[in-house]
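Geometric and topological summary
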Amino acid sequence: MKTKGRYIVGMAVGFSAGLLGWSLLELVLSLQHLFPGYRYILLASGALTGASLSAVLASMEGILHKNITKIHKEWLLGLVWGAIGGTIGAFAGQLLFNWILPEGLMPESFRYPYYIARIISWGLMGAFIGTAEGLRARSGTKITAGLISGISAGVVGGTLVETGMLLFPGDSWLKLPGFLIIGMGTALLNILIEEKNSAGVFRMLNGSEKGRKYLLNQKKISLGSSRHNDIIIKGDPGLPATVAVLRRRRREVFIENRDREAPLSVNDRTVDQTALKYEDVIQVGKIKFLYEVR
């Protein structure tokens, strides 16, 4: 997908994540009379908002590549990882505040320390929200991008959410902009950082998806006909499930054949494994790719 398209999809996914997270927080707050105490409300809201934000944001890569199998895996991992992060973030924020005020009611003078503690908890939850896809892909580049984007968006968006709750507790909609910043900010910063640190792109030169671009932003990228691959090759019924693998080693990208019955060629030369250079033409079955600068 072209860069502009990636950002449009990122904005849409981030908006959806923020809207869902805000809706679930409001649901918990509307049912707070059913909870036995404030800490249970805090943990429930943290787990639900973290799970929803992370699940939607983690599925972005699968959505970009129209890969249903990847979406399911990303969504499930994001749901669990985000719930853990939201719970830890809520607990850490409360623990931090309890160091200041161990027990009892919250005097007026302690509103602002609590405010700071809650913002820190949003940043911690953002770290989990941003890194779910990187963990699934086992990509250090993606994890680093997720940490930077998640913490940044979590702190900024969380500040808006907590400001709205502190100054205008009766106006629930004032928390929505903060959630949208968390969702959209995490998604867009992730895309930006990954693009800046990618090893280039694979552009499909023929077939039904001619022109589609795949960002090389993982240590290992598989190619083949199966939906379990990172790059799914359509239009070649004789292609094996996984025909080749791209591996990133420092600044170099290598490609290796995974099925001898489906020859792999680079610049019309059959290879088993080779380092790639920009402008190399790679043929996998009947489909050709161009390895080019981002």
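The coordinates are above.
All of the points below concern the structure found in this document. Given the structure is predicted, the values throughout are model-derived calculations rather than measurements.

Spatially, the six strands line up as an open sheet ordered β2-β1-β11-β10-β7-β8, and their pairing is antiparallel. Two strands in the sheet have a free side with no partner beyond their single neighbour: β2 (213-215) and β8 (269-271). Averaged over neighbouring strand pairs, the angle between their axes works out to 30 degrees when direction is ignored. Here strand β1 (residues 201-204) runs beside strand β11 (residues 287-292); their pairing, made up of four bridges, is antiparallel. Pairing of methionine 204 across the sheet is with phenylalanine 289, part of β11.

Time to look at the environment of serine 45. Looking at the secondary structure, you find serine 45 in helix α2 (residues 38-58). It is 7.5 Å that separates the C-alpha atoms of serine 45 and leucine 24, two residues lying 21 residues apart in sequence.

Moving on: the pattern of salt bridges. Tallying each qualifying case throughout the model produces twelve salt bridges. Each member of the salt-bridge network shares a partner with another, and the members are Glu61, Glu133, Lys142 and Glu194.

Moving on, we come to the layout of surface pockets. Estimates place the volume of the largest pocket at around 640 Å³. Every residue lining the largest pocket is counted, 29 residues in all, and those nearest its centre are Leu29, Tyr38, Tyr114, Glu162 and Met165. Elements with a contribution of two residues or more to the lining of the largest pocket: α1 (3-30), α2, α4 (68-100), α5 (111-137) and α6 (140-167). With seven residues, α5 is the single largest residue contributor to the lining of the largest pocket. Here the residues of the lining of the largest pocket are counted per class, giving 14 nonpolar, ten polar and five charged. The calculated volume of the second largest pocket comes to roughly 380 Å³. Along the walls of the second largest pocket sit 18 residues, with Arg136, Ala137, Gln218, Lys220 and Asp230 positioned nearest its centre. Contributing elements (two or more residues each) for the lining of the second largest pocket: α4, α5 and β3 (220-224). The greatest single-element share of the lining of the second largest pocket, amounting to three residues, is contributed by α4. Grouping the amino acids of the lining of the second largest pocket by side-chain chemistry returns two nonpolar, seven polar and nine charged.

Cut-offs applied
- Think of each chain on its own: its residues are numbered from 1, step by step along the sequence as written.
- In keeping with the model being predicted, local features are shown solely for residues with a pLDDT of at least 70 and side-chain atom pairs are shown and tallied solely at 80 or more, while totals for entire chains, interfaces and linings include all residues.
- Hydrogens and water are ignored here; the side-chain numbers use all heavy atoms of the structure.
- Whether two strands pair depends on DSSP finding at least two bridges between them.
- Here a helix means four or more residues in a row that DSSP labels H or I, a strand means two or more in a row labelled E, and each is numbered from the N terminus.
- Under this scheme, a helix contributes an axis fitted over its contacting stretch, all axes are lines through C-alpha atoms, and angles between N-to-C directions fall in the 0 to 180 degree range.
- In what follows, salt bridge is the name for a side-chain nitrogen of Lys or Arg lying within 4 Å of a carboxyl oxygen of Asp or Glu.
- A cavity here means a set of points on a 1 Å grid, drawn over the protein atoms and nothing else, where a 1.4 Å probe fits but cannot get out; a pocket is an open set with protein on both sides within 12 Å along at least five of seven lines, and a residue lines either one if it has an atom within 4 Å of a point.
- Grid points are joined across faces, edges and corners, and a volume is the space filled by probe spheres set on the points.
- Here the nonpolar group is Ala, Val, Leu, Ile, Met, Phe, Trp, Tyr, Cys and Pro; Asp, Glu, Lys and Arg are the charged ones; every other residue, Gly included, is treated as polar.

None of the figures reported here should be taken as evidence of function without further support.
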